[in-house]
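What follows is each chain in one-letter form.
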Amino acid sequence: MDPGPQAYGAGKVGGQFNVQNFVRKPHVFVRLLSLLFGLIVYFCASSGSWTTDTKTNEEICMFKLKSFGCHIGGVVGFTSVIGAAVFVGGEYYFENVPSVKSRKHYVLIDLGFSSLWSFWNFLLFIYLSNSWSDTPDFPDSISTANPTTAIYFALFAIFSWGTSAYFSYQRYQMGVDPAFVSSFEADQFGAYEETQNNSSNESPFNKQMSGEYQTQAY
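Please read these numbers as outputs of a predicted model, since none were measured by experiment.

**Thoughts on the overall build of the protein chain**
And step 1. Per the secondary structure count, the protein chain includes six helices and two strands.
And step 2. Along the chain direction, N to C, the helices and strands of the protein chain fall in the order α-α-β-β-α-α-α-α.
And step 3. In the protein chain, buried positions account for 32% of the 218 residues.
And step 4. Total accessible area computed for the protein chain in this model is approximately 14,000 Å², and 59% of it derives from carbon and sulfur atoms.

Right under this line is the structure:
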């Protein structure tokens, strides 16, 4: 089925919203994956990668025994969650934005943020994996599941954000379909001209006054 004329990957405003179709959209589905991966990285790095030092009884980060790994993992993961949630909401409003210029700005912001956060997750993956390889072995009583999970899902987040950036680049390349612009302008100016014609055809002298005309007696 022909989706009709589109502007930056979205049709004309006023379409009926369907939750299932919305979630199945590639942009939204990949964004939800990024949100899930960010949540896992955030909780596993910022909360689950701390342990108690048996010598000093102080909490230490398990990544190379330095707190930076846990903190940076929490920051990148938390920002991924916020960014993914914002863009999921943006996808909902994107279909209802009549301005082609506003859609272009949204696509460019989406492309920039998705590319940047794919790069940041790449840096996070490199740093956490290197730090974990330089970390001394822990006793068997200490679970190392959270640090390794944070590393794996930082890797997955690289691809999810990279895929979002690719979809946004496709949208940008798609640009503005001339058929959409012609149809959109025709709808807008057609409604305007119809209103103007109706107002000009309606004369104040066409209104009929009820009752008989009575002459004034002087």
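**Some remarks on the pattern of salt bridges**
And step 1. Enumeration over the complete set of coordinates arrives at three salt bridges.
And step 2. Two residues, K64 and D134, come together in a salt bridge whose shortest N-O distance is 4.0 Å. Linking K64 in the loop between β2 (59-61) and α3 (67-94) with D134 in the loop between α4 (100-133) and α5 (145-174), this pair joins segments that are 70 residues apart in sequence.
And step 3. In this structure K64 comes out as partly exposed when scored by relative accessible area, which is 35%.
And step 4. With a closest N to O distance of 2.9 Å, E91 and R171 form a salt bridge. Taken as a pair, E91 in helix α3 and R171 in helix α5 lie far apart in primary sequence, 80 residues in all.

Definitions and cut-offs
Sequence order sets the numbering: in each chain, residues are counted from 1 along the sequence as written. Local features are withheld for residues below a pLDDT of 70 in this predicted model, meaning they are given only at 70 or higher, and side-chain atom pairs are given and counted only at 80 or more; totals for whole chains, interfaces and linings count all residues. Only hydrogens and water are removed before side-chain values are computed, so all heavy atoms of the structure are retained for them. Helix and strand definitions follow DSSP, with helices as H or I runs of at least four residues and strands as E runs of at least two, each counted in order from the N terminus. To sort residues, take the accessible area from a 1.4 Å probe on protein chains only and compare it with the maximum for the residue type: under 20% means buried, over 50% means exposed, and anything in between is partly exposed. Shrake-Rupley sampling with a 1.4 Å probe provides the accessible areas, and residues are treated as covered by the protein chains on show and by no other component. Between Lys or Arg on one side and Asp or Glu on the other, a salt bridge is scored when a side-chain nitrogen of the former is within 4 Å of a carboxyl oxygen of the latter.

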